[in-house]
Amino acid sequence: IALNEPDVSEKMQEYLLKIGASAQHLLGIINDILDMSRIESGRMVIKEEEFSFAKNLEQVNTMISGQCAEKGLTYDCRTIGKIDDYYIGDGVKLKQVMLNILGNAVKFTPEGGKVTFLIEEGARYNGQASLKLTFTDTGIGMSKEYLPHLFDPFTQEDASAASKYGSTGLGMPITKSIVELTNGRIEVESEKGKGTTVT
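Residues numbered from 1 in each chain as written. Predicted model: local features only at pLDDT ≥ 70, side-chain atom pairs only at ≥ 80, totals over all residues. Heavy atoms only, no water.

Draft legend 1. Examining the overall build of the protein more closely. From N to C terminus, the protein includes 5 helices and 7 strands. Start at the N end of the protein and walk to the C end: the helices and strands fall as α-β-α-β-β-α-β-β-α-α-β-β. Taking 2.2 N^0.38 as the reference for a compact globule, 199 residues should give roughly 16 Å; the C-alpha atoms of the protein span a radius of gyration of 18 Å, in line with that estimate. Expressed along its principal axes, the backbone C-alpha trace of the protein runs to roughly 60 × 40 × 40 Å. The 199 residues of the protein split such that 35% are buried. Pairs at least 24 apart in sequence give 69% of the contacts found in the protein among residues at least 6 apart. Summing over all exposed atoms, the protein offers an accessible surface of approximately 12,400 Å²; the carbon and sulfur share of this is 53%. Of the charged side chains in the protein, 21 are positive and 28 negative; the average position of the first set lies 2 Å away from that of the second. (Helix = DSSP H or I, 4+ residues; strand = E, 2+ residues; numbered from the N terminus. Rg over C-alpha atoms; globule rule 2.2 N^0.38 Å. Buried < 20%, exposed > 50% of the residue type's maximum accessible area, 1.4 Å probe, protein only. Contact = heavy atoms within 4.5 Å. Areas by Shrake-Rupley, 256 points an atom, 1.4 Å probe, with all protein chains shown as cover. Lys, Arg positive; Asp, Glu negative; His and termini not counted. Charge placed at Lys NZ, Arg CZ, Asp CG, Glu CD.)

What follows is the structure, encoded as structure tokens:
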């Protein structure tokens with residue numbers, strides 16, 4: 001509302017935008033904590049309803065390509081083979097998984113790097129379809145010693161990462177839980193200084 005006032009100075013606009021960004025960040029932390037408590041209490045519900053995968057992907061790509069452009073990263077999203085426009089499942093949770101992983105890729109990839117997202121459909125059986133999503137970045141990567149702890153809540157390889165990257169350490173545990181609740185599995189390969197691939 002304040003940003004729409006005609007006589008707001010540039011400096012004040014800057015302050016208001018920072019307040020807005022901080023509020024969004026806080027909301028993100030609260031939502032992560034709520035999701036984690038739902039998962040731990042067995043109350044996270046996975047819906048089974050028709051959703052537009054094409055629309056979900058378009059929304060994800062709009063957000064991530066914008067973030068990559070701001071940070072000076074190359075973003076490449078491709079589908080391999082035929083992908084249906086509609087599936088039955090939990091479209092909101094699937095979008096959350098895509099945004100969590102891609103958000104990390106953008107966050108931990110320095111300027112000049114690349115983020116790649118490949119989508120392909122696996123074998124169909126008895127009316128069931130499986131999607132294989134592969135996310136690759138040329139970011140800071142992780143050590144082999146840290147990888148087993150990637151899905152532990154509130155953990156980060158580097159203690160300074162929480163302040164540097166503004167991260168809670170809940171994104172990946174939530175992502176893994178959603179993937180497993182939808183009969184999927186998540187695998188991570190990473191090398192320090194070279195990047196990460198999440199499948």
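Draft legend 2. Representation of helix 3 (residues 91-107). Along its 17 residues, helix 3 runs 24 Å from first to last C-alpha, staying within 8% of the 24 Å computed at 1.5 Å per residue. Within the span of helix 3, buried status applies to Gly91, Lys93, Leu94, Val97, Met98, Ile101, Leu102, Gly103, Ala105 and Val106. In this structure Asp90 caps helix 3, since a side-chain oxygen of it lies 3.3 Å from the backbone nitrogen of Val92. (Expected span 1.5 Å × (residues − 1). Polar contact = N/O pair within 3.5 Å; in protein donor to acceptor, adjacent residues only side chain to side chain.)

Draft legend 3. Expanded view of the nonpolar core. Of all hydrophobic cores here, the largest spans 38 residues; its most connected members are Phe53, Met98, Leu102, Val115, Phe117, Phe135 and Leu150. The set of elements that each furnish at least two residues to this core consists of helix 1 (10-40), helix 2 (53-71), helix 3, strand 4 (114-121), strand 5 (131-137) and helix 5 (171-181). Ranked by residues supplied to this core, first place goes to helix 3 with 7 residues. Residues in contact with Leu102, not counting those within four places in the same chain, are Val60, Ile64, Tyr75, Val115, Phe117 and Phe135. (Core = buried A, V, L, I, M, F, W, Y, C linked by side-chain atoms within 4.5 Å.)

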